[in-house]
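# Coordinate analysis (summary)
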Amino acid sequence: MKPTNPDKFDVVISGAGVVGMTLASALAQNGFTVALVEYGDSAHQMTDQFDGRAYAISYAPFMMLKALGLWHRVGRHAQPITEIHITDGHSPLFLHFDHRELGADGPLGQMVEVRHLRRGLFDAITAEENITLFSPDHITALTPVAGGWRLTLDRGRDITGTLVVCAEGRRAPLRDRMGIKIHSLDYNQTAIVTTVRHELDHGGTAYERFYPGGPFAILPLPGRQSSIVWCEPPSRAGIIMGLSDAGFDAELTKKFGDFLGTVSHQGKRWSYPLSAQLADDYLAQRFCLIGDAAHGIHPIAGQGFNLGLRDIAALAEVLVDARRLGADIGSKATLERYRRWRRGDNNILAGGMDVLTRLFSNDITPIRLARAAGLGLVGEIPPLKKFFMRHARGTIGKLPKLLKGENI
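No experiment lies behind these values; they were computed from the predicted model shown.

Criteria and thresholds
Residues numbered from 1 in each chain as written. Predicted model: local features only at pLDDT ≥ 70, side-chain atom pairs only at ≥ 80, totals over all residues. Heavy atoms only, no water. Core = buried A, V, L, I, M, F, W, Y, C linked by side-chain atoms within 4.5 Å. Buried < 20%, exposed > 50% of the residue type's maximum accessible area, 1.4 Å probe, protein only. Helix = DSSP H or I, 4+ residues; strand = E, 2+ residues; numbered from the N terminus. Contact = heavy atoms within 4.5 Å. Pairing = 2+ DSSP bridges. Axes fitted to C-alpha atoms, helices over the stretch in contact; angles between N-to-C directions. Polar contact = N/O pair within 3.5 Å; in protein donor to acceptor, adjacent residues only side chain to side chain. Expected span 1.5 Å × (residues − 1). Arc of directions from axis to C-beta. Salt bridge = Lys/Arg side-chain N within 4 Å of Asp/Glu carboxyl O. Parallel < 35°, antiparallel > 145°, perpendicular 65-115°, else oblique. Left-handed = near helix turned anticlockwise from the far one by under 90°.

Val11, Val12, Ile13, Ile57, Val165, Ile290 and Tyr338 are the most contacted members of the largest nonpolar core, which has 84 residues in total. Broken down by element, this core gets its largest block of residues, eleven residues, from helix 8 (residues 304–324). Once residues lying within four places of it in the same chain are set aside, the contact partners of Val12 are Ala35, Val37, Ile139, Leu151, Ile159, Thr160, Gly161, Leu163, Val164 and Val165. Of all hydrophobic cores here, the second largest spans 18 residues; its members include Leu108, Ala191, Ala206 and Val229.

What follows is the structure, encoded as structure tokens:
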């Protein structure tokens, strides 16, 4: 049912990207009234031209989206990832993951274009009575009040919330306003993103190749299409982005190879500077960070969005448990449980991605030989290989209920 006071909410989420909308849906389904405040025009973000990326959704977050009843909305255009093929450049040694080796009941993950995620989640939040969307709008002032915050919005409305959640992404003005600092690291790489069409079927296989200039990922999409994440130093990326369509396809073919036949890009190309960043803290007074506002990592293993979904699963469970116990959902004690659950996991994975990026983004001969041999060695040790496959599926560690496909 609609909240009795249209200006009073349990949770106010700043940022209606895919992370913010997913959290809003998870909380609203569990009885929380949610205000979702978005800087931009949400309707504009539904267009095909807004974003050229595609996300790899690991198996555990996929189970969470199913448990929330969201998968039928966002997964209609999904492509299951059944195998992953990893090589160091053109080395004959490689690492191959096949979901069948785990005896698992599902693939390693799913590929979904961001535009489809946005549309499906937007449909879900607009159909949910417990969610009120303020877009385009943003928070201009926060004033502490008894049991929460009074928030002034740019368009003149005042609302109150027991808890404020920042899901604004990497730049996150609200995080800065709350005095939370970040540590950043520039990788001196730019990711070129586009969709390509190829002659032959990819068979649901994702390919990751590591080059001195940066990784090159071929991520399967429905049909004979794949999403490309092509990392290069900024100067070279700028040259590639400036090429004509024919020139771009010629460079793409050199990098891609001919194992899937003739390849050409479809539609627009995008480029994104690559960096890592970690927030010094996740919490302030009745306030917390989730998703890229808390942690941003290199896309080398496609785990950035998955970390945000894991944040959502943990935070939603913490808040639901607190309410059931009659506790204050915005209290330090409640939010501390979320911080303990997620901060260590996020920092460890961010550190691991940083090591991988530095290890593979160079051409020092001893290191190059060692890493190629290492890929081959992992493939020859079944327990180690299965550990990495389970990590790719997101089923390692203490999982919140949603990531196990259970209701909270």
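Take the sheet that holds strand 7 (residues 109–113) next. Across a sheet, paired strands are connected by hydrogen bonds in the backbone, their directions being either parallel or antiparallel. The three strands are arranged 3-7-4 in an open sheet whose pairing can be described as antiparallel. The sheet is open, and its two edges are formed by strand 3 (54–58) and strand 4 (79–81), each paired on a single side. For this sheet, the mean inter-axis angle between neighbouring strands, taken without regard to orientation, is 30°. Of the pairings in the sheet, the one linking strand 4 to strand 7 comprises three bridges and is antiparallel in character. Paired with Pro80 across the bridge in strand 7 is Gln110. Sheet strands touched by helix 2 (residues 59–67): strand 3 and strand 7. Its angle to strand 3, the strand with the most contacts, is close to 90°.

This paragraph deals with the side chain of Arg269. Note that Arg269 resides in strand 16 (residues 263–279). Among the polar contacts listed, one links the side chain of Arg269 to the backbone oxygen of Met241, at a separation of 3.0 Å. When residues no more than four places from it in sequence are discounted, the contact partners of Arg269 are Val193, Thr194, Ile240, Met241, Leu243, Ser244, Asp245 and Phe248.

A few words now on helix 7 (residues 245–256). With twelve residues, helix 7 extends 16 Å from end C-alpha to end C-alpha; this agrees with the ideal 16 Å at 1.5 Å per step. Among all positions of helix 7, only Phe248, Asp249, Glu251, Leu252, Lys255 and Phe256 are buried. The buried side chains of helix 7 occupy one side of the element, clustering within an arc of 165° when seen end-on. Along helix 7, the residues that are exposed and aim more than 90 degrees away from the buried face are Ala246 and Lys254.

Further remarks concern the pattern of salt bridges. The final tally for this structure, using the stated rule, is 16 salt bridges. With its nearest N and O atoms 2.4 Å apart, the salt bridge here joins Arg286 to Asp328. Of this pair, Arg286 sits in the loop between strand 17 (283–284) and strand 18 (287–289) while Asp328 is found in the loop between helix 8 and helix 9 (332–360), placing the two residues 42 residues apart along the sequence. Judged by its relative accessible area of 15%, Arg286 falls in the buried class.

Helix packing geometry: the angle between the two helix axes and the distance between the axes. Following both chains from N to C, one finds helix 1 (residues 18–29) and helix 8 inclined at 25°, their axes separated by 10 Å at the closest point. One way to sum up the angle between helix 1 and helix 8 is to call them roughly parallel. As helix 1 runs across helix 8, the sense of the crossing is right-handed. Each of Val18, Val19, Thr22, Leu23, Ala26 and Leu27 in helix 1 lies in contact with helix 8, whose residues at this interface are Phe305, Gly308, Leu309, Ile312, Leu315, Ala316 and Leu319.

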